[in-house]
Amino acid sequence: VFAHVVRAPEDPILGVTVAYNKDPSPNKLNLGVGAYRTEEGKPLVLNVVRQAEQQLVNDPSRVKEYLPIVGLAEFNKLSAKLILGSDNPAIQENRVTTVQGLSGTGSLRVGGEFLARHYHERTIYIPQPTWGNHPKVFTLSGLSVKTYRYYDPATRGLNFQGLLEDLGSAPSGAIVLLHACAHNPTGVDPTLEQWEHIRKLVRSKALLPFFDSAYQGFASGSLDADAQSVRIFAADGGECLVAQSYAKNMGLYGERVGALSIVCKTADVASRVESQLKLVIRPMYSNPPIHGASIVATILKDRNLYNEWTIELKAMADRIISMRQQLFDALKTRGTPGDWSHIIKQIGMFTFTGLNSDQVAFMTKEYHIYMTSDGRISMAGLSSRTVPHLADAIHAAVTR
Ligand code: LMR
């Protein structure tokens, strides 16, 4: 009965790892998926995560019961404070409802399905380009996806004018997906001044902002600085949604831990919204897993662990920034044609190199370097040892 099933293509991002794993070359380099690696090229489990896990293991009162449908209450509260700021009026007025989600993706999906059921406007505007999973998540949530201009290939920076024009001509009430910081894949963010401009436009047109916050702390090394965009929206009295992921900033990729917060007008609305979120979640996966959320809560509520986390987070962010400088310098030394200053200007985990899919295919074939076909490289996957190999490959790709 399944003989007619055609083979689906691999995922454009996760499929890069599949191809990488099959390559027997000792020089192979995976710069596809956004996952942090140490200078030795190894995955990193943060010290604070190990400590939190130890505490959890040593606590005999810890059991493996089901969590409530909305997840771990303590985790939800702390997550909302982390992204919105504990002095945020929306939190103080109890107007925020937060549910635990299956990392960023699951949180976006629950938010998308809630909007498709209960919000009057079904169109969501997503930036062009955006994370490859966004259009699929929202389409399958039941929303209709449109794009707004975001990136300007000519300047390799923000197309601010295009963004304002497109959001300005979106129908009133439309949902707008905004990357809170460290835009994926471009590494290009609005300045704080531009964010304020966007906020005014969004509010004046009654658009509904939906933030994807997957890199808080990764862009600048500061958790507060990277939450500024969300906080200005959440402080102005209007509604917004925020999906948070702890995959990158706590290195909890496989634990699938995240949160969805919905900032509402009143506490009463927030509690009704939560009751409906439960109806979205229950038939999807019943309730979320306990381990990752317990790790996060343990870290966020303990001042010492929290401080240690910020130090480890900053070290990861700084290592990525130094990789940018090293790659830029290596291309300069080789005299690689073109302006590569965007490598040091862009922020977060990725550099949107400007290499085209032919050049990417060449680098994979000849240099065993794996990256997404849009020319995005994960800077977090680079090390001082591998920068020369990548620079050689880029040089060869653009001069061939
Ligand atoms: C990425 O863009 O590489 C990450 O967000 C991982 C993923 O799930 O795609």
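Because the structure is a prediction, the values reported are computed rather than measured.

Asks: Is there a simple way to think about the pairing of strand β3 (residues 123–128) in this case?
Replies: When a strand is regular, its side chains alternate between the sheet's two faces. Here β3 pairs with strand β4 (residues 144–149) via six bridges, running parallel. From the neighbouring strand, Gln128 faces β4, where its bridge partner is Arg149. Handedness of the crossover joining β3 and β4 through helix α6 (residues 134–141) is recorded here as right-handed.

Asks: In this structure, what is going on with the confidence of the model for the protein? I would like to understand it.
Replies: Detailed reading of predicted coordinates is not advised where the pLDDT is low. Looking at the protein, pLDDT values average 96 and 100% of them are 70 or higher. Here the predicted complex scores 0.96 on pTM and 0.93 on ipTM.

Asks: What's the story with the site of the ligand in this structure? I'm lost.
Replies: Near the ligand you find Ile13, Val33, Gly34, Trp131, Asn133 and Asn184, and these make up its full shell. Tallied by class, the residues present in the shell around the ligand amount to three nonpolar, three polar and no charged.

Asks: Just to check I follow, could you spell out the domain arrangement of the protein for this structure?
Replies: Domain boundaries in the protein define domain 1 (14–44 + 318–399) and domain 2 (73–301). Using only C-alpha atoms to locate each centre, domain 1 and domain 2 end up separated by 28 Å. Tallying contributions element by element places strand β11 (residues 350–352) first for the side of domain 1 that touches domain 2, with three residues. Here the residues of the side of domain 1 that touches domain 2 sort into seven nonpolar, six polar and three charged.

Asks: Teacher, can you tell me more about the sheet that holds strand β10 (residues 258–263) here?
Replies: The strands that make up a sheet are held in pairs by hydrogen bonds between backbone atoms, and each pair lies either parallel or antiparallel. Read across the sheet, seven strands follow the order β2-β10-β9-β8-β7-β3-β4 without closing on themselves; strand pairing throughout is mixed. The sheet is open, and its two edges are formed by β2 (96–101) and β4, each paired on a single side. Put simply, the sheet's adjacent strands are angled 25 degrees from each other on average, direction ignored. Two elements, β2 and β10, share six bridges in a ladder whose sense is antiparallel. For Val96, the partnering residue across the bridge sits in β10 and is Val263. Where helix α10 (residues 267–285) meets the sheet, it contacts β2 and β10, and its direction lies at approximately 20 degrees from that of β2.

The rules behind each value
Residues numbered from 1 in each chain as written. Predicted model: local features only at pLDDT ≥ 70, side-chain atom pairs only at ≥ 80, totals over all residues. Pairing = 2+ DSSP bridges. Helix = DSSP H or I, 4+ residues; strand = E, 2+ residues; numbered from the N terminus. Right-handed = clockwise from strand over helix to strand, strands pointing away. pLDDT = per-residue confidence, 0-100. Near = placed C-beta within 6 Å. Nonpolar A, V, L, I, M, F, W, Y, C, P; charged D, E, K, R; others polar. Domains from an automatic or database assignment. Axes fitted to C-alpha atoms, helices over the stretch in contact; angles between N-to-C directions. Contact = placed C-beta atoms within 7 Å.

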